[in-house]
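# Survey of secondary and tertiary structure
Chain residues, written in single-letter form:
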Amino acid sequence: MLKSIVCFLSFALGLVTSLCAAEINVAEGFECKKIYQVPNKEQGSWVAIAIHDDGRLITADQYGSIYYVTVNGNEAPKVEPLNLKIGGAHGLLWFKDRLFVSVCEREVVGAGVYVVVDSDGDGKLDKVELVKKLVGGGEHGPHGFVVSPDKEWIYYVCGNHTNVPDGIANYAATNKWGEDLLLPRQADARGHARSRKAPGGWVARFKPDNSRWELYSQGYRNSYGIAFNQEGDLFTYDADMEYDFGTPWYRPTRICHVTSGSEFGWRNGTGKWAEYYLDSSPAVLNIGPGSPTGVVSGAGAAFPARYQRAIFALDWTFATIYAIHLKSDGSSYTAEKEEFVSRPGLPVTDAVIGNDGAMYFLTGGRRAQSELYRVSYVGNESCEPVNAPEVGDLVKLRRQLEAMHVTSKTENLELIWKSMGHEDRAIRYAARVALEHLPVALWQQKVLEEKNPMILCQGAVALAHQGSKKNAQALLQSLAKVDFPTLDNHGKLALLRAVSLVIARCGDGAQRDLLIGAFDAHFPSEDDMVNRELCRLLSYLQAPNVVKKTLGLMASRGADTPPDWATLAARNSRYGGDVIKMLNNLPSAQNLHYAYCLRVVKGPWTEGQRRQYYEWFNHASKKSGGLSYAGFVQNMLKDALANATEQERKMISAWKPMVKHNPFKNLPKVKGPGKAWSVDEVAALADLDKADLTNGQRMFEASLCAACHQVAGKGGAAGPDLTRVAGRFQLKDMGEAIIDPNKVISDQFEFSLITKKDGSFMTGKVLDKQNGVMTVAISPFDFSQTVEVAAADVQEIKASPISPMPPALINRLNENELRDLMGYLMSLK
């Protein structure tokens, strides 16, 4: 306690504190110091940082102004606002005496890329110019920048709620993207991102003088930062969709090698592409649950060599900065992660390497308390700058092919064609994209006549993208001739994806019987992923044996092995325990995939088959997953019933229905008397370490928190998961969120205000829109309570300024009950 008081007084006097060095876990040999605590009321919550040529830091409040920060050793930093009409930035870049600003929050100016210049040469920025207007915003809007190693381009990343802008001169992957799903998609059961389609999040590059824009990569969910490694390759850290937890379409947060024309396959709802799709780019490293924020290269840091070569990736939710150690793997990479900096309650947002060789990073976001930290190396290893390694022949070949994504010539065809059969996946991918930049007439017939299975599959993808739908019959006939048993699993998956993509793009060309004959005999396979794709394809084809074979697989399926990131989380008691609690009751993702496929197979089935399938839903409904898991299961059952015969539906209706969770049943009682609690009173609560956590959990339920929020997989689904809330927010932040939930409403959880043409209004969560009818959830406590609204009757839909969470739910509690509740929440680390 004495040390905390001394350090607090030191900070209050304007001195750099070393308190965090005792509290923060930092890699061996490094020192971490908090050098500035941001006064939130005056300077906001900082989420972006850049470095000026003169060494000053430049920071941005998520919803407000931009600031210069001058750091001078152990003296208190000098903070000066940039007094211009610009703000709400998620990304900053100082380059060629100009400040580039990525505006995401639209409270000051509209979303887009801006440049702030010194128009009169007096050394002060004085003019704001719009570079590129963007349609999008919020937490999945425009984000970060990085300059290319040759200083010719600025690369720019945006989340999946940002439209690709007009004025794109070149599309590396061409602009003929699509959803490319064989089976009907289910939108997210809670309605998240239901209207967002391909290409999802994207990376563009533009000339610093704004003379040319190119779309470089796509298919991300919500990457926030990007950085080049010493070899000149670009990387980002993409977000997972935590609502999908426990489903086969869940994709963990991951480090992505951002190559020219790459497509990472984010699609909304159940539509996310499998990583093994040959038209998708794989992750370099899958990390696990989290909320990716800044990404920065270690180049230029006064760190040991391995850290200079690393990419640093920040996770806001789990309060961790990872050092990503890359290893060359052919023309791409594999990687290992190291926890470089971590501590509960450290919501890291962005980082930069300063001119002094130290790393400077920010905490904050969503108006949480913001701080500035410095990480320096104080160990004994050499920190001499390291040179970039020589680029290997495979990297040179990949880059040669990628150059053809901008300018491709007829004489390149032979190299492209040969490279589509290369053993290196990234080279095959780059070659196929290059092929799509050549005239289709030049290579269409070559695809149809190709005998090499991998080249044929790559060519089929290209022709499905660029050719006519009339090619479906010939393409499928060629693909069906491939000797399936002779392929390895990679080849089998490539063939199945090529067939599925051709059907999704061009139709089945009346080749149903041919395709069933080619693939039915090979189902089931010995490989789970091959079985997933065989089941998907045969379910689409309505193959006569697919129900019997798939139900047999489901019946013999044991519990799934937790993914690698869960095993690692179990070794870290600091935050892994809550993840493991959820995993302990996870469903079988493989069986969930099988059930998802079978929902489209039309009846009649036998009564025994229908009963087994229905009982699986009863079993699955008792498992735990992400916030949308239960809704997905219910919606899958709805689809299955729609494809059953009328007689089957009558039979099923007589069976025992699935039991639904009632969040209001048997709520604990409060003693009271309560009062109108203020934020300051909540923040001033003392002796939280003496709180009765068991009673705090009861108050969590009694105050209706559990009706909308999950903790360790239990609770409602309308609000954020609070499993690790204390790792992100301080006591005052939580008090504000409870007492005034309208102050900050995340776009992930907001309801919509729907204005109808008859002058009436309604508020709810739009879950889906099909065939001109919108499905709207009207209760935040139960998303199965829905109404249908004809889209033609709707005049306007906009974000509701009112949170679905009622305010001041704690006002029924007395002081002891409130202390117990807040003590319980602050224990969720």
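If you're wondering where the values come from, they're calculated on a predicted model, not measured in any experiment.

## Brief notes about the overall build of the protein
- The helix and strand tally for the protein stands at 25 helices and 33 strands.
- On C-alpha atoms alone, the protein measures out to a radius of gyration of 27 Å, which is about the 28 Å that the 2.2 N^0.38 rule sets for 829 residues.
- Dimensions of the protein along its principal axes, counting C-alpha atoms only, are 80 × 70 × 60 Å.
- Taking the contacts inside the protein whose residues are at least 6 apart along the sequence as the reference set, 66% of them involve residues at least 24 apart.

## So, the pattern of salt bridges
- Under the criterion given, the structure shown has 31 salt bridges.
- For the salt bridge of glutamate 371 with lysine 34, the shortest nitrogen-to-oxygen distance reads 3.4 Å. With glutamate 371 in strand 26 (residues 371-377) and lysine 34 in strand 2 (residues 30-37), this residue pair connects regions lying 337 residues apart in the sequence. This pair shows no difference in class: glutamate 371 is buried, exactly as lysine 34 is.
- When the shortest N-O distance is used, the salt bridge between arginine 306 and glutamate 381 registers 3.2 Å. Placement of arginine 306 in helix 4 (residues 305-308) and of glutamate 381 in the loop between strand 26 and helix 5 (393-403) is noted, with a sequence separation of 75 residues between them.

## Quick notes on helix 11 (residues 489-506)
- An ideal rise of 1.5 Å per residue puts 26 Å on 18 residues; helix 11 measures up with 25 Å between its terminal C-alpha atoms.
- Counting buried residues in helix 11 gives 15 out of 18 residues, a clear majority hidden from the surface.
- The first or second residue beyond helix 11 is glycine 507, which carries a positive phi of 90°.

## Overview of the sheet that holds strand 22 (residues 320-329)
- The strand order 1-23-22-21-20 describes an open sheet built from five strands, whose pairing is antiparallel. Since the sheet does not close on itself, it has two edges, and those belong to strand 1 (25-26) and strand 20 (292-297), each with one partner.
- Sheet analysis places strand 21 (residues 311-315) next to strand 22, joined by five bridges and oriented antiparallel. Across the sheet, the residue bridging to leucine 314 is isoleucine 321, located in strand 22.

## Some points on the side chain of lysine 765
- Along the chain, lysine 765 turns up in strand 30 (residues 761-770).
- Within the buried core, lysine 765 has no salt-bridge partner, and the shortest N-O distance to an opposite charge, that of glutamate 750, equals 6.8 Å.
- Apart from the residues within four sequence positions on either side, lysine 765 is in contact with Arg190, Gly191, Gln748, Phe749, Glu750, Phe751, Thr775, Val776, Ala777 and Phe783.

## Quick look at the confidence of the model for the protein
- For the protein, per-residue confidence averages 89 on the pLDDT scale, and residues scoring 70 or more make up 92% of the total.
- Per-residue pLDDT stays below 50 along residues 1-22; that stretch engages in 24 contacts with residues further than four places along the chain or on separate chains.
- Taken together, the stretch residues 570-578 has pLDDT below 50 and engages in 23 contacts with residues farther than four places along the chain or on a different chain.

## Points about the environment of asparagine 545
- Positionally, asparagine 545 belongs in the loop between helix 13 (528-540) and helix 14 (546-555).
- We classify asparagine 545 as partly exposed; its relative accessible area is 35%.
- With 231 residues separating them along the chain, asparagine 545 and valine 776 place their C-alpha atoms 37 Å apart.
- Side chain to side chain, asparagine 545 and aspartate 520 meet in a polar contact 3.5 Å long.

Definitions and limits used
Residues numbered from 1 in each chain as written. Predicted model: local features only at pLDDT ≥ 70, side-chain atom pairs only at ≥ 80, totals over all residues. Heavy atoms only, no water. Helix = DSSP H or I, 4+ residues; strand = E, 2+ residues; numbered from the N terminus. Rg over C-alpha atoms; globule rule 2.2 N^0.38 Å. Contact = heavy atoms within 4.5 Å. Salt bridge = Lys/Arg side-chain N within 4 Å of Asp/Glu carboxyl O. Buried < 20%, exposed > 50% of the residue type's maximum accessible area, 1.4 Å probe, protein only. Expected span 1.5 Å × (residues − 1). Pairing = 2+ DSSP bridges. Lys, Arg positive; Asp, Glu negative; His and termini not counted. pLDDT = per-residue confidence, 0-100. Polar contact = N/O pair within 3.5 Å; in protein donor to acceptor, adjacent residues only side chain to side chain.

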